[in-house]
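# Close look at the chain arrangement
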Amino acid sequence: MSESWRGRRLELRLGNPGHGGFCVARHDGRVVFVRHGLPGELVLAEVNEDRGGSFCRADVVDVVEASEDRVPALCPVSGPGGAGCCDYSHATLAAQRGMKASIVAEQLRRIAGIERDVEVGVLAGTGDGGGWRTRVRLAVDEHGQAGVHGYRSGSVLADLRCPQPVSGAMDGVAEQSWRPGAELAVAVDSDGVRHVVELSPARVSGTGRRSPGRRGAMARRAATNTPRAQRVAMGTGRVVERVGGRAWELDAVGFWQAHRGAAEEYSSVVAEWSDASAGALAWDLYSGAGVFAARLADQVGESGTVVAVESSREAVRDGKAALTDLAVVQFHAARVENVLADVAGAPEVVVLDPPRSGAGREIVTAVAQQNPQRVVHIGCDPAAFARDVSLYQEQGYRLTDLRAYDAFPLTHHVEVVGLLTR
């Protein structure tokens, strides 16, 4: 094994953006994944991770030739050596969306063999890139100070200046002392009420790692091997969320879309593309509290059926409470792969919003075997989304329509919604 490059400074010309918040460069026959740069820039980058092999990772420490798309970084926390929250805060919003569009198109081309122009749309409430996040998960350090995790690190940075959260979400949090090792779930609901819940330190799995969340981002649902004690520090711990003229009351630590405009937009797209007939059967898989199920129920009417499958019993409980007037919605509190074989009837339309890792071969095959006319598939990871699309193609479906959204401004994350038909 060659000598490690860790700590070396390299002058690099940056290439295309890569999936993960970096630009790709090459030096002495190796690939370097460089954060905090922009395509085309000439930079001085310091290698901070080198495990041998064909690639290493580096941060930009000086810009020799800047891109026209570079702006002063909006996030003071995420620079070299900092947090992993805002990969793109040094780029204009237009450039951020351009990079995300390029990545989605590249993943579809490389994994699914689809050549398609991609445009990344803007969600309502995005503003200048900050003030959009209504769900934040914070860590607490050994001194009881709330903060965020360092990039690819378990260390906690006691600095809450990230611009993503909506106004007022972080007020007073830094001034309080919390239980060392705990996590804080901060949620600002549709009525503008803020809730802060302290969760006891997470148990670790047999690998020594914390169990992953439903989607893996800091505002996604926390899922650990054992239940965690909760203490409501601010608010009631029960949020009220409104979509399509309907209200849901949910646990503040449960899953909800992080961007304040996301749930309404995705719900509208699902309603547009599902186009379920009166009296039809529709499936809503990974349904959460049933936001999409409610729209499907409106379409199938009293003579139809909507089967909603969700592994979180808390989400199913809250969904049933919110949709008590929709008797056509049948909730199943189970893992999707464990219940599909027992669901009677062939659906006309299937909606899926799977975890970050995607639905995978078993689920895609099970869905395709029911021969639905339309599948609306939502993904928050371009590579996983493209893999699922490739699996649908193997089953005789094609990607008829696609919409991508800048649901996580200042970050490399992007949400993709696809319509697949026979």
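Residues numbered from 1 in each chain as written. Predicted model: local features only at pLDDT ≥ 70, side-chain atom pairs only at ≥ 80, totals over all residues. Heavy atoms only, no water.

A sheet is described by the order of its strands in space; here six strands give the open sequence E1-E5-E6-E4-E3-E2, paired in mixed fashion. The open sheet has two edge strands with one neighbour each: strand E1 (9–13) and strand E2 (17–18). Here strand E5 (residues 42–49) pairs with strand E6 (residues 55–65) via seven bridges, running antiparallel. The residue of E6 that forms the bridge with Glu-49 is Arg-57. (Pairing = 2+ DSSP bridges. Helix = DSSP H or I, 4+ residues; strand = E, 2+ residues; numbered from the N terminus.)

The next point concerns the environment of Leu-184. Position of Leu-184 relative to the elements: it lies in strand E11 (residues 183–188). Placed 182 residues apart in sequence, Leu-184 and Ser-2 show a C-alpha to C-alpha distance of 43 Å. In this structure, Leu-184 is in contact with Val-136, Arg-137, Leu-138, Val-140, Ala-146, Val-173, Trp-178, Val-197 and Glu-198, ignoring residues within four places of it in sequence. (Contact = heavy atoms within 4.5 Å.)

Our next topic: the sheet that holds strand E12 (residues 194–199). On the basis of which strands lie adjacent, the open sheet formed by six strands has the order E10-E9-E8-E11-E12-E13 and antiparallel pairing. Edge positions in the open sheet fall to strand E10 (156–157) and strand E13 (230–234), since each of these has one partner strand only. As paired elements, strand E9 (residues 146–149) and E10 share two bridges and run antiparallel to each other. By the bridge assignment, His-149 is partnered in E10 with Val-156.

Once that is clear, we can look at unusual backbone geometry. Both trends apply: most residues other than glycine have a negative phi, and most peptide bonds are in trans. The backbone of Asp-28 sits at a positive phi, close to 50°, despite the residue not being glycine. When you line up the elements, Asp-28 lands in the loop between strand E3 (22–27) and strand E4 (30–35). Using a relative accessible area of 63% as the deciding quantity, one classes Asp-28 as exposed. Positioned with a positive phi, Leu-410 is a non-glycine residue whose angle comes to about 80°. (Buried < 20%, exposed > 50% of the residue type's maximum accessible area, 1.4 Å probe, protein only.)

We now examine the pairing of strand E22 (residues 415–421). Where burial is concerned, most of E22 is hidden: seven out of the seven residues are buried. Neither face of E22 is left uncovered, since the one carrying Glu-415, Val-417, Leu-419 and Thr-421 and the one carrying Val-416, Gly-418 and Leu-420 both have all their residues buried. Sheet analysis places strand E21 (residues 398–405) next to E22, joined by seven bridges and oriented antiparallel. Opposite Asp-401, over in E22, you have Leu-419 as the bridge partner.

This part covers the UniProt feature "domain: TRAM" (unreviewed entry) in the protein. As annotated by UniProt and renumbered to match this structure, "domain: TRAM" (unreviewed entry) occupies residues 3–62. Strand forms 58% of residues 3–62 and helix 0%; the C-alpha atoms that close the span are 24 Å apart. (UniProt positions renumbered as here; feature names shortened; annotations may be inferred.)

As a further point, take the pattern of salt bridges. A full pass over the atoms with the stated rule returns 27 salt bridges. The shortest N-O distance in the salt bridge between Arg-135 and Glu-241 comes to 2.4 Å. Of this pair, Arg-135 sits in strand E8 (residues 135–140) while Glu-241 sits in strand E14 (residues 238–243), and the two are 106 residues apart along the sequence. Comparing Arg-135 with Glu-241 shows no difference in burial state: the two are buried. Beyond isolated ion pairs, a larger network of salt bridges with shared partners links Glu-49, Arg-51, Arg-57 and Arg-152. (Salt bridge = Lys/Arg side-chain N within 4 Å of Asp/Glu carboxyl O.)

Let us now look at the confidence of the model for the protein. Confidence in the prediction of the protein, expressed as mean pLDDT, is 93, and 94% of residues score 70 or more. Confidence drops under a pLDDT of 50 for residues 205–225, and excluding neighbours within four residues, the segment shows 55 contacts in the predicted structure. (pLDDT = per-residue confidence, 0-100.)

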